[in-house]
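Close look at the chain arrangement
Given next are the chains, with one letter for each unit.
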Amino acid sequence: MVLLTLLAALVTNLTTWQFAFEQQPRVMPDPTDSVWQTVTIPHDWAISTPFDRQNDLQTVIVTQNGERTATTKTGRSGGLHWMGSAWYKRKLMVRGIQRVQRVHYLVFDGAMARAEVYIDGNKVGYWPYGYNSFVVELSDSLMRTNKGQHQLAVRLDNLPESSRWYPGAGLYRHVRLVSKNQIHIPIWGIHTTTPLVNDTLATLHIDVAIKNATPHTRVVTQISDADGQVVATIEGQQGIGTVPHPHLWSPESPYLYRARTYVYEQDELCDIDSVVVGFRRIAYVPEVGFVLNGQVRKFKGVCLHHDLGCLGAAVDRDAILHQLTLLKDMGCDAIRTSHNMPAPELVELCEQMGLLMMIEPFDVWNWAKCKNDYSNFFFDWAERDMTNMIVRYRNSPAVVMWSIGNEVGNQRTEDGVQVATWLQDICHRLDSTRPVTCGMDQVKDVIYNGFAAVMDIPGFNYRTGRYAEGHQQLPNRLIVGSETASTVSSRGAYHFPAIIQHSAHHKDGQCNGYDVEYCAWSGLPDQDFQLQDDYPWTIGQFVWTGQDYLGEPTPYDTDAWPSHSSYFGILDLAMLPKDRFYLYRSQWNKTAPTLHILPHWTWPGREGKVTPVYVYTSYPSAELFVNGVSQGRLRFATATETDLIRQGQTIENVSMPPVVGKVDVPDWGTAPRPELLPRYRLMWQSVKYEPGEIKVVAYNERGQAVAEQVVRTADKFHQLRTIEANANEPTTNGLRYITVQAVDSAGNLCVHCDMEVTIHSEDAMILGGANGDPTCLQPLSNAPYSGQSFTMPLFHGEATFVVRGQGKVEVRGTRQD
């Protein structure tokens, strides 16, 4: 019995592989060929390649943005060479006692893309969608050949023009071999729900699938609390367990239980499996909003692509942890996985850290956005992809909503309602506990053509001017901002005058750090804040995006190389906060105060010129000083006062909004609302620059000075300063984010310093680095993740290097006077 217990489920993480690009079509290179290199997965083969304008150069008509003619989209998918075919191979040893019949599964968390799986040259599996998890079951008879020693090979094929952003390439998520007894729980074979949850009692319903069960098979599930104490037991494949006085799961208190299931054949243990359990109660109430554990709340969410800066698409738990830690500090409490299935590490961390999730599988259905995108597989594979996604993640307490797509072409086609209904029905069939939405951008059409009415919760992408119309016309009387803002900015880059405008181009290829620029289809954060604050039927928002990502360098997306990464992020590609981080933090973080001043105050040549100063703060008022001279004390405008500002009135001690530039709003777009900015920002518009210091003093509701922040003019460069940004995070694999800053002798940031910096270590591995500049063509990564040195220029005085291991690191830079 002890032996069988040990062999109940054997899980082997398959991390070390040989990798080679395909030399002849559909032929794996000879195993002895020198083209093979050893890699550790997760592995993104493209992230270390050079940036090049010609990589996946797409000439397309982006109809969803109102385009009528084809244009050349430079950097659309990141400018890296992710296209092509490649092979991974490794030896596969089947462990265990050969006389005991076993069932073997290969579990792929994701493989980009069109994965073909081979054992000893025999094709045993295929999955085209690179973002999804899939399972390949291996027959016992196959695995018993060759004395249990086999060659596992995976062929991946990435076609050009198959993505609107950087998809990555390769075995970029984990692969595991799971070996089980004949009588066993299949992969993702446990389904739990929580029918009753309140402060005094919670129930857990469990449904366990068993393969090859006999009349003697017995199933027992134990529910344990966070300390490992068993609090309830359930007998049978289906049943209900009762937990008295449960700890409820929420973003503020993400308490997790675990349901551990034991499968016995008579008295012999055959299998063990487990899932996390979070007791929480959700409801979506018309006109009231989203209710969690009896409390109405709004999603303070962000959209995230799957790539992780200089690590590319290769999933790394510590990198995701750092990303989410920063977003949680901002006050973020929700993630939309746009526009694809997430890595399981993201879901697990959201469970543990308390982040709600909208999980979304598709960017397209059967109407293409790129020539070789998922539309080619949609009708054959969509149900299988949806099934894997839902079955894998439906037990998660973090997941509170499914999305079935993003800005799909079917919003205005005859088959749109039919396809949407089909997908939503799949969700309902596999999980009846959560509502379904879809990110819709053709709002003026879907409100009236039945497409939006199909959704359990209509999701509006932008189009803030049509929220009220949608609320009035649609049956569910709730709207979620499934994608909001698309404000564009670059960390540390400021342009004068600071005017509200869309699609602006500047000579430096950057976007204004004053957070006043956006896209033709989108708007500014203040418009979304106002909708969420003033209307209970808006249930929250998901900002585009939480972090910059490779590809989609709007507004520099049309023949505008070298721009190759996005400007939308609240964090930049180096995971450094932009000013906009503090604007959201001032509204979202209710547990710690925010006081942030912008811009920097080192402007040689601007002496005497108007240089506006903005303050993002959670305090009700603040006073600005320039070299000790007060520039006045300002407070936030009320909702009523914003209407007066719109009419041209000046309100005492309230900011005036910036000037509005481009106002040619397309009929599907949203007009800017400059009058809203004084409600959420303190802005001194007429400050004239003089070297020295600017200081902001914040006051509480009683008028008492309670906080201040100072920004000083930097002197010449003195030294490089390093900060270990994730030093206090509970990492699991030794990943370190090291920020390097150029500072003067007083420690002030030298924002105009763009020297090249090299980081070196004899002990730790230098994985790569980034500086947040969307136009920087310096490679992002060492390959194959084993370098001892890496060089990256600073951008506005800063860059981030990613290191694995606790060895000493040294930094040196090219001196600037």
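Attention here is on the structure that accompanies the text. (Residues numbered from 1 in each chain as written. Predicted model: local features only at pLDDT ≥ 70, side-chain atom pairs only at ≥ 80, totals over all residues. Heavy atoms only, no water.)

Quick look at the overall build of the protein
Just so we agree on the cut-off: Labels follow the DSSP assignment, with helices taken as runs of H or I lasting at least four residues and strands as runs of E lasting at least two, numbered in each case from the N terminus. With the radius of gyration taken over C-alpha atoms, the globule rule is written as 2.2 Å times the number of residues to the power 0.38. Here's how the labels work: a residue is buried when its accessible area is under 20% of the maximum for its type, exposed when over 50%, partly exposed in between, all with a 1.4 Å probe on protein chains only. In what follows, a contact means two residues having at least one pair of non-hydrogen atoms within 4.5 Å. Throughout, the Shrake-Rupley method with a 1.4 Å probe supplies accessible areas, and for residues the shown protein chains are the sole cover considered. Positive: Lys, Arg. Negative: Asp, Glu. His and the chain ends are not part of the count. In plain terms, the charge of a residue is placed at NZ if it is Lys, CZ if Arg, CG if Asp and CD if Glu.
For the protein, the helix and strand inventory stands at 13 helices and 46 strands. In terms of overall size, the protein behaves like a compact globule, its C-alpha atoms giving a radius of gyration of 27 Å where 817 residues would be expected to give roughly 28 Å. Overall size of the protein, expressed as C-alpha extent along the three principal axes, is 85 × 60 × 55 Å. Here the protein holds 817 residues, and 62% of them are scored as buried. Put simply, 70% of the contacts in the protein that link residues at least 6 apart link residues at least 24 apart. Summing over all exposed atoms, the protein offers an accessible surface of approximately 29,900 Å²; the carbon and sulfur share of this is 49%. The average position of the 70 basic charges and that of the 87 acidic charges among the side chains of the protein differ by 1 Å.

Thoughts on the sheet that holds strand S25 (residues 356-359)
Stated formally: Between any two strands, pairing holds if DSSP finds at least two bridges. A fitted line through C-alpha atoms serves as each axis, taken over the contacting stretch for helices, and the angle formed by two N-to-C directions is quoted from 0 to 180°.
Pairing in this closed barrel of eight strands is parallel, and the strands run S23-S24-S25-S26-S27-S28-S29-S32 around the ring. On average, adjacent strands in this sheet sit at an angle of 25° to one another, irrespective of strand direction. Of the pairings in the sheet, the one linking strand S23 (residues 299-304) to strand S24 (residues 334-337) comprises four bridges and is parallel in character. If you follow Val302 over to S24, its bridge partner there is Ile335. Each of S25 and strand S26 (399-406) touches helix H5 (residues 378-393); the most contacted strand, S26, lies at about 165° to it. Sitting on the sheet, helix H6 (residues 416-430) is in contact with S26 and strand S27 (436-440), with an inclination near 155° to S26.

Re the environment of Phe378
Tracing the backbone through its elements, the reader meets Phe378 in helix H5. Along the backbone, Phe378 and Thr221 are 157 residues apart, and their C-alpha atoms lie at a distance of 38 Å. Among residues more than four places away in sequence, those in contact with Phe378 are Phe362, Val364, Trp365, Asn366, Val419, Trp422 and Leu423.

Remarks on the pairing of strand S14 (residues 201-208)
Note: strand S13 (residues 190-193) against S14, four bridges, orientation antiparallel. Across the sheet, Thr192 pairs through a bridge with Ile206, a residue of S14. Looking at chain direction, S14 and strand S17 (residues 238-244) are connected through seven bridges and run antiparallel. By the bridge assignment, Ala202 is partnered in S17 with Val243.

Considering the packing of helix H3 (residues 317-330) against helix H4 (residues 344-353)
Operational definition: Angles are sorted into four bins: roughly parallel if under 35 degrees, roughly antiparallel if over 145, roughly perpendicular if 65 to 115, and oblique for all others. Each crossing is labelled by how the near helix is turned from the far one, with a counterclockwise turn of less than a right angle marking it left-handed and a clockwise turn marking it right-handed. Residues were grouped as follows: Ala, Val, Leu, Ile, Met, Phe, Trp, Tyr, Cys and Pro as nonpolar; Asp, Glu, Lys and Arg as charged; and all remaining residues, including Gly, as polar.
The N-to-C vectors of H3 and H4 enclose an angle of 40°; their axes lie 10 Å apart at closest approach. Between H3 and H4, the angle falls in the class oblique. Considering how the two elements wind past one another, H3 and H4 form a crossing that is right-handed. Packed against H3, whose contacting residues are Arg317, Ile320, Leu321, Leu324, Thr325 and Lys328, the element H4 presents Glu345, Leu346, Leu349, Cys350, Gln352 and Met353 at the interface. Of the residues belonging to the contact of H3 with H4, the class tally is seven nonpolar, two polar and three charged.

Digging into the pairing of strand S21 (residues 289-292)
Direction of pairing for strand S20 (residues 282-285) relative to S21: antiparallel, over a ladder of four bridges. Note that in S21 the partner of Ile282 across the bridge is Leu292. A loop of three residues connects S20 with S21, the two strands running antiparallel in sequence, and Glu287 in this loop sits at a positive phi of about 70°. Hairpin connection between S21 and strand S22 (residues 295-297): a loop of two residues separates the two successive antiparallel strands, and Asn293 in this loop has a positive phi of roughly 55°.

Structural notes on the nonpolar core
Put simply, the rule is: Put simply, a nonpolar core is a bunch of buried Ala, Val, Leu, Ile, Met, Phe, Trp, Tyr and Cys residues held in one set by side-chain atoms that sit within 4.5 Å of each other.
Phe299, Leu324 and Trp365 are the most contacted members of the largest nonpolar core, which totals 216 residues. The biggest single contributor to this core is H5, with eight residues. Val197, Leu204, Val275 and Val277 belong to the second largest nonpolar core, which has 23 residues in total.

Looking at the packing of aromatic side chains
Put simply, the test is: The aromatic pairing rule takes the rings of Phe, Tyr and Trp, using the six-membered ring of Trp, and pairs them if the centres are within 6.5 Å, calling planes under 30 degrees apart stacked, those over 60 edge-to-face and the rest tilted. To sit over a ring, a charge needs its Lys NZ or Arg CZ within 6 Å of the ring centre and within 35 degrees of the ring normal.
The tally for this structure, following the rule as stated, stands at 44 aromatic pairs. Between Phe460 and Tyr467 the ring centres are 5.5 Å apart and the planes differ by 85°, which places this aromatic pair in the edge-to-face class. In textbook terms, an aromatic cluster arises when at least three aromatic residues are bridged by ring pairs, as seen for Tyr129, Tyr131, Phe362, Trp365, Tyr374, Phe378, Phe379, Trp422 and Phe451. Over the face of the ring belonging to Trp36 we find Lys89, whose NZ or CZ atom lies 4.7 Å from the ring centre. The positively charged end of Arg384 is found above the aromatic ring belonging to Trp381, 3.7 Å away from the centroid.

What to know about the side chain of Asp526
By the secondary structure assignment, Asp526 is in helix H10 (residues 525-534). What makes Asp526 buried here is its relative accessible area of 1%. The contacts of Asp526, once residues within four sequence positions are left out, are Leu676, Leu677, Tyr680 and Arg681.

Remarks on the packing of H3 against helix H11 (residues 579-588)
Two elements in contact, H3 and H11, have axes separated by 8 Å at closest approach and are oriented at 55°. As far as their axial angle goes, H11 and H3 are oblique. Two secondary-structure elements touch here, H3 through Leu326, Asp329 and Met330 and H11 through Phe581, Tyr584, Arg585 and Trp588. When the residues that make up the contact of H3 with H11 are grouped by side-chain class, the tally is five nonpolar, no polar and two charged.

Notes on a nonpolar patch on the surface
Using the following cut-off: In this scheme, patches are assembled from residues that exceed 30% relative accessible area and form no salt bridge. Like charges are connected within 9 Å, while nonpolar side chains (Val, Leu, Ile, Met, Phe, Trp, Tyr) are connected within 5 Å. The working definition used for a salt bridge is a side-chain nitrogen of Lys or Arg within 4 Å of a carboxyl oxygen of Asp or Glu.
Taken together, the side chains of Val285, Val288 and Val296 define a hydrophobic patch exposed on the protein surface, amounting to about 200 Å² of accessible area. Position of Val288 relative to the elements: it lies in the loop between S20 and S21.

Description of the sheet that holds S14
The strand order S13-S14-S17 describes an open sheet built from three strands, whose pairing is antiparallel. Two strands in the sheet have a free side with no partner beyond their single neighbour: S13 and S17. For this sheet, the mean inter-axis angle between neighbouring strands, taken without regard to orientation, is 25°.

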